[in-house]
Amino acid sequence: MHFNLSEERQMLKDTIERFLSDNYGKIKNHHEYSTLNEGYNVKIWNESSDIGMIGGLIPPKYNGLGGSGEDIMIIFELIGKYLCVEPFLSTGLMSSTALISCGSNSNELLEEIISGKKIISFCHSEIESRYDETSVKVKATKNNNLWYIDGKKSFVLNGDQANIFIVSARIKGNTSDKNGIGIFKVEAKNSNIRSYNTIDGYRCSEVTFNNVPGELLCSDEKAYECILETIYAGALAVSSEAIGIMQKCFDLTIDYLKTRTQFGKTIGSFQALQHRMVDLMIEIEQAKSSVMLAAGTYNSEKLIKYKNISAAKNLVGRVGKLVAEECIQLHGGIGMTWEYNLHNFAKRLVMIDHLMGDSDHHLEKFKIYNSY
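We now turn to the structure provided with this report. (Residues numbered from 1 in each chain as written. Predicted model: local features only at pLDDT ≥ 70, side-chain atom pairs only at ≥ 80, totals over all residues. Heavy atoms only, no water.)

### Observations concerning helix α3 (residues 42-50)
To be explicit about the condition: Only protein chains enter the accessibility calculation, which uses a 1.4 Å probe. A residue is then buried if its area is under 20% of the maximum for its type, exposed if over 50%, and partly exposed in between. The helix and strand labels rest on DSSP assignments: H or I over at least four residues marks a helix, E over at least two residues marks a strand, and numbering proceeds from the N terminus. Throughout, the arc means that of the directions going from the helix axis to the C-beta atoms. In this description, contact between two residues means that some pair of their heavy atoms is separated by no more than 4.5 Å. Counting of polar contacts relies on pairs of N or O atoms within 3.5 Å, with two restrictions inside protein: one atom must be capable of donating a hydrogen and the other of accepting it, and residues adjacent in sequence are counted only when both atoms are side-chain atoms.
Turning to α3, its buried residues are Ile-44, Trp-45, Ser-48 and Ser-49. Around the axis of α3, the buried residues are gathered within 145 degrees of arc, so they sit on the same side. When the buried face of α3 is taken as reference, the exposed residues oriented beyond 90 degrees from it are Lys-43 and Asp-50. At its buried positions, α3 is contacted by α1 (7-23), α2 (27-34), α5 (88-102) and α6 (107-114). Capping of α3 at its N-terminal end is provided by Asn-41; its side-chain oxygen lies 2.9 Å from the backbone amide nitrogen of Lys-43. Of the residues one or two after α3, Gly-52 is the one with positive phi, at around 85 degrees.

Written out as structure tokens, the structure reads:
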């Protein structure tokens, strides 16, 4: 069994790596772009469209260039390696997945995502929902054949720059019913948005809807399926991103152990530290294999797809925390200084565990899907 990339995917990987290396070659680029008013570099976002980086996340059926699990893994592993802050997760993958899953006539919006002309954010998480896909308190009411949205969504990725929101709202039923949910397209300008930077330097928002008009894209079973598809696409993406970050942390630590001297020799020559690095390497390779399996079965039937992504997200969450802690400890105090880039990768690893469901949540999901 081999894991070699096809010629087309190798070309995609090489092109994106050159592009990100040119724009994110130094950690100061990450700091600079994340503190811009937009929370990312608009020029880089537009140029990423030109090289097919956004299109690589969307299937050819919708005028994209990829959209398979392998494409998602390749692109987000490089995004993790370079700590890229542009809205590839929120707009490029999650919003496009939501639009496709709704089955609505959204080809025009997908074209605008691929071209980089519009930022679209998926609004589902709420303050009290934790990771429950069905927990939706935001309400949608119908008046004179028009829908109006009321309530608050939390942790909306890149919400302050979004032109459009894809919003889950309760049409009927209790807060946690699978049925009774609708997915709506809402113009962002009609909403109240409070933005903030997360601990890892990325941009999020709280979005409040006060009788805001929305267009119903799908409802009930179709809406629940849309939510699951979007969240699990995001889970595969951040798991792949974590693989790129873990490998970067490992490489930085190896370089440090080879150059830092103590007692007249490099600290990498001490057997105890070598053993710790070998243990880390094994854990990273196991996590990578798990993500590769999830990527390879991304287009399989849903039970297999969700089970494998949950398994990968659970393992990535546990290994990511280990890698962050071990690499910081092995570096000592320098690992947490602002000028050194290791702590930026460590903080993103810790944050990834809490995105799209943490390791405990996905362990429970794995047990459920494995029982069928």
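### So, helix α7 (residues 220-259)
For an α-helix, the turn length of 3.6 residues means that residues three or four places apart are oriented alike. The following threshold applies: For a helix, the expected span equals 1.5 Å multiplied by the number of residues minus one.
Helix length check: α7 (40 residues) gives 59 Å between terminal C-alpha atoms against 58 Å at 1.5 Å per residue, within 8%. In terms of residue burial, α7 counts as a mostly covered element, since 29 of its 40 residues are buried.

### Digging into the pattern of salt bridges
Using the following cut-off: By salt bridge we mean one thing: a side-chain nitrogen of Lys or Arg within 4 Å of a carboxyl oxygen of Asp or Glu.
Tallied over the entire structure, the rule returns 17 salt bridges. Of the charged contacts, one joins Lys-137 and Glu-128 as a salt bridge, the two residues approaching to 2.6 Å between their closest N and O atoms. A residue is classified by how much of its surface remains accessible, and Lys-137, at 46% relative accessible area, is partly exposed. The partner of Glu-133 in a salt bridge is Lys-365, with the nearest N and O atoms 3.2 Å apart. Taken together, the residues Glu-133 in the loop between β1 (120-123) and β2 (139-143) and Lys-365 in helix α11 (residues 359-370) connect sequence positions 232 residues apart. Per residue, the accessibility class of Glu-133 equals that of Lys-365, and both read buried. One continuous salt-bridge network, built from bridges that share partners, spans Lys-152, Arg-194 and Glu-206.

### Concerning the side chain of Thr-198
One can find Thr-198 in the loop between β6 (192-197) and β7 (203-219). With near-sequence residues (within four places) excluded, Thr-198 lies in contact with Phe-155, Cys-204 and Met-351.

### Notes on a nonpolar patch on the surface
Selection criterion: To count toward a patch, a residue needs a relative accessible area above 30% and no salt bridge. Like charges then connect within 9 Å, nonpolar side chains (Val, Leu, Ile, Met, Phe, Trp, Tyr) within 5 Å. Surface exposure here means Shrake-Rupley accessible area, sampled with a 1.4 Å probe, where a residue is shielded only by the protein chains that are shown.
Nonpolar side chains collect at one region of the surface, where Val-278, Met-281 and Ile-282 lie side by side and expose about 240 Å² of accessible area between them. Relative to the helices and strands, Ile-282 resides in helix α8 (residues 271-296).

### A short note on the packing of α7 against α8
Stated formally: Throughout, an axis means a line fitted to C-alpha atoms (over the contacting stretch in the case of helices), and angles, computed between N-to-C directions, take values from 0 to 180 degrees. Working definition: roughly parallel below 35 degrees, roughly antiparallel above 145 degrees, roughly perpendicular at 65 to 115 degrees, and oblique for all remaining angles. By convention, the crossing between two helices is left-handed when the near helix turns anticlockwise from the far helix through less than a right angle, and right-handed when the turn is clockwise.
Axis separation between α7 and α8 bottoms out at 10 Å; the angle between their running directions is 160 degrees. Judged by the angle between their axes, α7 and α8 are roughly antiparallel. At the point where α7 passes α8, the crossing takes the left-handed sense. The segment α7 lies against α8, with Leu-236, Ser-239, Ser-240, Ile-243, Met-246, Gln-247, Phe-250, Thr-253, Ile-254 and Leu-257 engaging Leu-273, Met-277, Leu-280, Met-281, Ile-284, Glu-285, Ala-287, Lys-288, Val-291, Ala-294 and Ala-295.

These results come straight from atomic positions and should not be treated as a statement about function.
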